[in-house]
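Spelled out from the first residue to the last, the chains are:
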Amino acid sequence: SQQGEEDPQALSIQEGENATMNCSYKTSINNLQWYRQNSGRGLVHLILIRSNEREKHSGRLRVTLDTSKKSSSLLITASRAADTASYFCAQFRALTQGGSEKLVFGKGMKLTVNP
Amino acid sequence: DAGITQSPRHKVTETGTPVTLRCHQTENHRYMYWYRQDPGHGLRLIHYSYGVKDTDKGEVSDGYSVSRSKTEDFLLTLESATSSQTSVYFCAISLQGERGGYTFGSGTRLTVV
């Protein structure tokens, strides 16, 4: 029932390196969102990119959206140990045929940044 | 997590007992959601609410009911808890209308033994 699928499922890098996470989805979207979840905590909204946008920045985060390929990527530049978390993409999808759309999350990707 | 609190944070209950989880928001937002998070499944929507006494089912609503008698409170009830309902439950609010980003509570870890 997942709409978005993150890739890779796990990524381990060294502090200072860049981390790129990809998300693929199946149906047309209004917007796509990225969230972070630290261990034992709730999800934190990072960035929302609309279907008519191709790229968006927020601090060290850069999100791209390619609606022709139904994919998005989240780039974290100059990673820090504090970026260690799970990252999720999410899109609005109808849960039933003809039903209203609700935010559906991928299964997440675990990023480990080693000091 | 600003403006949204969940209680309890942890609960252990026995199979067959009723359990109610509470989500409280201080910012008068219209849209509220209950998700459960399980390994291998990610987050799945249980129920949601568009306002007082306006609720509807999500994708995994069987065995759950909700109530929203006040804007600030959204209650999730497991009428008769089962081991399959062992999970982490998250409440969320939508800050900027129905299609905006969500703010999540810190979660309730429920164990049904």
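Scroll up a little and you will see the structure.
Everything in this summary refers to the structure shown in the same document. The residue numbering used here restarts from 1 in each chain and proceeds along that chain's sequence as written. Labels follow written order: the first chain is A, the first ligand is 1, and so on. Per-residue local features are limited, in this predicted model, to residues with pLDDT of at least 70; the limit for side-chain atom pairs, both in listing and counting, is 80 or more; totals at the level of whole chains, interfaces and linings are taken over all residues. Hydrogens are left out, water is left out, and the side-chain values use all remaining heavy atoms of the structure.

## So, the overall build of chain A
Part 1 of the argument: In terms of regular secondary structure, chain A is built from zero helices and eleven strands.
Part 2 of the argument: Under the scheme used here, helices are H or I runs from DSSP no shorter than 4 residues and strands are E runs no shorter than 2 residues, and both carry numbers assigned from the N terminus. Counting from the amino terminus, chain A carries its helices and strands in the arrangement β-β-β-β-β-β-β-β-β-β-β.
Part 3 of the argument: For a compact globule of 115 residues, the expected C-alpha radius of gyration is about 13 Å, and chain A comes in at 14 Å, within 12% of that figure.
Part 4 of the argument: For chain A, the spread of C-alpha atoms along the three principal axes comes to 50 × 30 × 20 Å.
Part 5 of the argument: Accessibility here uses a 1.4 Å probe with only protein chains present; expressed as a share of the type maximum, an area under 20% marks a residue as buried, one over 50% as exposed, and anything in between as partly exposed. Put simply, chain A has 115 residues, and 44% of those count as buried.
Part 6 of the argument: When contacts within chain A are restricted to residue pairs at least 6 apart in sequence, long-range pairs at least 24 apart make up 55% of them.
Part 7 of the argument: Per-residue and other accessible areas follow the Shrake-Rupley method at a 1.4 Å probe size, with only the shown protein chains counted as cover for residues. Element-wise, carbon and sulfur atoms account for 44% of the exposed surface of chain A, whose accessible area totals about 5500 Å². We compute the radius of gyration from the C-alpha atoms alone; for a globule the expected value is 2.2 Å times N to the 0.38, where N is the number of residues. Note on contacts: a residue pair qualifies if any of its non-hydrogen atoms lie within 4.5 Å across the two residues.

## Considerations on the pairing of strand 7 (residues 61-66) of chain A
All names here are of chain A.
Part 1 of the argument: Judged from the four bridges that link them, strand 6 (residues 55-58) and strand 7 form a sheet pairing that is antiparallel. Within the sheet, the bridge partner assigned to His-57 lies in strand 7 and is Arg-62.
Part 2 of the argument: As paired elements, strand 7 and strand 8 (residues 71-76) share six bridges and run antiparallel to each other. Within the sheet, the bridge partner assigned to Val-63 lies in strand 8 and is Leu-74.
Part 3 of the argument: Counting the residues that bridge the hairpin from strand 7 to strand 8 gives four residues, and of these Lys-70 lies at a positive phi of roughly 50°. Between any two strands, at least two bridges found by DSSP are needed for them to pair.

## Side note on the sheet that holds strand 8 (residues 73-78) of chain B
All names here are of chain B.
Part 1 of the argument: One open sheet holds the four strands; their spatial order is 1-3-8-7, and the pairing between them is antiparallel. The outermost strands of the open sheet, each flanked by one partner alone, are strand 1 (4-7) and strand 7 (64-70). Between one strand axis and the next, the sheet turns by 20° as a mean value, whatever way the strands run. Here, axes are lines fitted to C-alpha atoms. For helices the fit covers the stretch in contact, and angles between N-to-C directions go from 0 to 180 degrees.

## So, the nonpolar core
Part 1 of the argument: Take the buried Ala, Val, Leu, Ile, Met, Phe, Trp, Tyr and Cys residues and link them wherever side-chain atoms come within 4.5 Å; each set so joined is a nonpolar core. Ranked by internal contacts, the top residues of the largest apolar core, which has 22 residues, are A:Met21, A:Leu32, A:Trp34, A:Leu74, A:Ile76, A:Tyr87 and A:Leu111.
Part 2 of the argument: Elements with a contribution of two residues or more to this core: strand 3 (19-24), strand 4 (31-37), strand 5 (43-50), strand 7, strand 8, strand 9 (85-94) and strand 11 (109-114) of chain A.

## Let's talk about the pattern of salt bridges
A side chain of one charge can pair with a side chain of the opposite charge when the charged atoms of the two come close.
Part 1 of the argument: The rule for a salt bridge is simple: a side-chain nitrogen of Lys or Arg has to be within 4 Å of a carboxyl oxygen of Asp or Glu. Taken as a whole and assessed by the stated rule, the structure comprises eight salt bridges over all chains.
Part 2 of the argument: Linking A:Glu101 and B:Arg99 is a salt bridge whose minimum nitrogen-to-oxygen distance equals 2.8 Å. Of this pair, A:Glu101 sits in strand 10 (residues 101-105) while B:Arg99 sits in the loop between strand 9 (87-94) and strand 10 (102-104), placing the two residues on different chains.
Part 3 of the argument: A:Glu101 gets classed as partly exposed once you look at its relative accessible area, which sits at 27%.
Part 4 of the argument: Relative accessible area serves as the criterion here: at 31%, B:Arg99 is assigned to the partly exposed category.
Part 5 of the argument: For B:Arg36, the salt bridge goes to B:Asp38, with nearest N and O atoms at 2.8 Å.
Part 6 of the argument: Classification of B:Asp38 by relative accessible area gives buried; the value is 10%.
Part 7 of the argument: Among the ionic contacts, a cluster of salt bridges with common partners joins B:Arg22, B:Lys70 and B:Asp73.

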